Amino acid sequence: MIDLRSDTVTRPSSAMLAAMVQCEVGDDVFEEDPTVKKLEHKIASLFGKEDALFFPSGVMCNQVAIKCHTQPMDEIICDALSHIYNSENGGWALHSGVSIRLLQGDRGRFTAEDVLQHINPNTDWQPNTSLVCIENTVNKGGGSIWKFDEIKKIAALTKERKLKLHLDGARLFNALTETNQTPLDYGHCFDSISICFSKGLGAPMGSALVGDSEFIKRARKWRKAMGGGMRQIGFMANACIYALDHTIEKLKDDHQRAKLLGDALVRTSFCKKLYPVETNIVLFEVHDNPNTIIEQLKQEQILVVPFGGNTIRMVTHLDFDDEQLQKVEEVLKRL
Ligand SMILES: *Cc1c(COP(=O)(O)O)cnc(C)c1O
């Protein structure tokens, strides 16, 4: 099977597995796992932040960040396409007791002006706007990348209005691969950033949250309350360290293959509209029922996912190589 459903389907390489078994571990709830400490230190310094915390999942990172940045009855601002709104079971309402204001951005990217228009005035009856969340790249935007200038404007605005700014950077390294910014530039703008190691970076699990020490100290308590305290988890942390050291540089190959998939799709008769391919996500609309195409591709051993309406998603990743790309191109030519 050629699996293009998600960049989460990768298996750890033998080199990553070797790194996983060759590390020192301890009980991380007691803060005694040196490999977890090493990862947290590495990712915090990469972003120029005081501290970092290792999490089992990206959803838990986002949810703990929202919890730490807000009070019940507050309101948070997100794009209507955001993962936080669409794919986390409304955890913001459950864990944090906040409401959400959805902005209609351009493939998930809004402007400072949009934010300004939706900060509630300080009345006795409107929820207090306290947090803005940005996602980069935007999954439901087809891997769209934010313009850093707009992020800087939003950061200036949130600072001025004393709001917190969180980045869901599940695929931030995909964005960084295609732009001139560094992790430090992002660390400078955001109060907190979550990073996934289990997407394009190819680790079996794990995410990290970075921020200042006081924020991470509270995040540690909330991670425990949500059941995310882990024991000898250094084995997994070392897979993430391996990913940071060896996989980031391979993301550009994923992006190149995604572009070629896009080129092949526009030449088919079933593709009605291809979204711009900016990173490793390929979104396209079809004329007829998407399930027909999905089924035909499955007959050819190619897995893709329906993505709402007439849209289908393909995602390139570490385990999708040139040989598989050729096979998919050949099938698309025939369909
Ligand atoms: C995958 C993803 C997450 C986190 O998902 P987990 O499966 O919990 O790691 C968060 N945000 C975005 C944009 C994602 O794609």
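Refer to the structure printed above.
A quick note: this is a predicted structure, and the numbers were derived from the prediction, not measured.

Peer 1: Could you clarify how one ought to interpret the sheet that holds strand β7 (residues 192-196) in this entry?
Peer 2: Strand pairing within a sheet occurs via backbone hydrogen bonds; the two strands may be parallel or antiparallel. Sheet architecture is open: seven strands sit in the order β2-β8-β7-β6-β5-β3-β4, paired in mixed fashion. In this open sheet, the two edge strands, each paired with only one partner strand, are β2 (51-55) and β4 (99-103). Each adjacent strand pair in this sheet contributes to an overall mean axis angle of 20 degrees, direction not counted. Both strand β3 (residues 74-79) and strand β5 (residues 128-135) contribute to a ladder of four bridges, which runs parallel. Opposite E75, over in β5, you have T129 as the bridge partner. Sitting on the sheet, helix α2 (residues 34-46) touches β2, β7 and β8 (207-211), and the angle it makes with β2 is about 125 degrees. Sheet strands in contact with helix α3 (residues 58-69) are β2, β3, β5, β6 (164-169), β7 and β8, and its direction is about 25 degrees off that of β8.

Peer 1: Help me understand helix α1 (residues 14-21), please; the structure alone is not making it clear to me.
Peer 2: Three or more residues of α1 are buried, namely M16, A19 and M20. Summarising the axial view, the buried residues of α1 lie within an arc of 100 degrees, below the 170-degree limit, and thus occupy one face. Opposite its buried face, α1 presents the exposed residues S14 and V21, each directed more than 90 degrees away. Considering only its buried residues, α1 is in contact with α11 (234-246).

Peer 1: For this particular structure, what's the right way to read the pattern of salt bridges?
Peer 2: Two side chains carrying opposite charge are able to pair once their charged atoms lie near each other. Under the counting rule described, the total for this entry stands at 17 salt bridges. As a salt-bridge pair, K42 and D245 come within 2.8 Å of each other at their nearest N and O atoms. Of this pair, K42 sits in helix α2 while D245 sits in helix α11, and the two are 203 residues apart along the sequence. Exposure remark for D245: the relative accessible area of 37% places this residue in the partly exposed category. Linking E300 and R334 is a salt bridge whose minimum nitrogen-to-oxygen distance equals 2.9 Å. Highlighted residues: E300 in the loop between α13 (290-299) and β11 (302-303) and R334 in helix α14 (residues 322-334), separated in sequence by 34 residues. Judged by its relative accessible area of 48%, R334 is partly exposed.

Peer 1: Hey, could you run me through the nonpolar core in this one?
Peer 2: One recurring pattern in soluble globular proteins: nonpolar side chains tend to sit buried together. Ranked by size, the top nonpolar core spans 53 residues in total, and within it Y186 and F197 carry the most contacts. If one sorts the elements of this core by residue count, α11 sits on top with seven residues. Beyond its immediate sequence surroundings of up to four residues, Y186 is in contact with F47, N136, F148, I151, L167, L172, L176, Q181 and I193. Membership of the second largest hydrophobic core comes to 24 residues, among which are I2, F270, F284 and I294.

Peer 1: Can you walk me through the sheet that holds strand β9 (residues 271-274) in this structure?
Peer 2: Spatially, β9-β10-β13-β12 is the arrangement adopted by the four strands of the open sheet, whose pairing is antiparallel. Either end of the sheet is taken by a strand with one partner, and the two such strands are β9 and β12 (305-306). Across two bridges, the pairing between β12 and strand β13 (residues 311-315) is antiparallel. Bridge pairing in β13 places P306 opposite I312. Strands β10 (281-286), β12 and β13 of the sheet are contacted by α13, whose axis makes an angle of about 35 degrees with β13.

Definitions and cut-offs
- Along each chain, residues carry numbers from 1 onward, in the same order as the chain's sequence is written.
- This being a predicted model, a pLDDT of at least 70 is required before a residue's local features are given, and a value of 80 or more before pairs of side-chain atoms are given or counted; all residues contribute to the totals for chains, interfaces and linings.
- In computing side-chain values, all of the structure's heavy atoms are included and hydrogens and water are not.
- Note on pairing: two strands pair once DSSP finds at least 2 bridges between them.
- Only DSSP runs of H or I covering at least 4 residues are called helices, and only runs of E covering at least 2 are called strands; the numbering of each starts at the N terminus.
- Lines fitted to C-alpha atoms define the axes here, with helix axes fitted over just the stretch in contact, and angles between the N-to-C directions of these axes take values from 0 to 180 degrees.
- By the convention used here, residues are in contact when the closest approach between their heavy atoms is within 4.5 Å.
- Type-normalised accessible area, obtained with a 1.4 Å probe on protein chains alone, sets the label of each residue: buried when under 20%, exposed when over 50%, and partly exposed for intermediate values.
- Working note: the arc is built from the helix axis to C-beta atom directions.
- Salt bridges are defined by distance alone: a side-chain nitrogen of Lys or Arg within 4 Å of a carboxyl oxygen of Asp or Glu.
- Within this scheme, the nonpolar core is defined by two criteria: the residues are buried Ala, Val, Leu, Ile, Met, Phe, Trp, Tyr or Cys, and they are joined through side-chain atoms within 4.5 Å.

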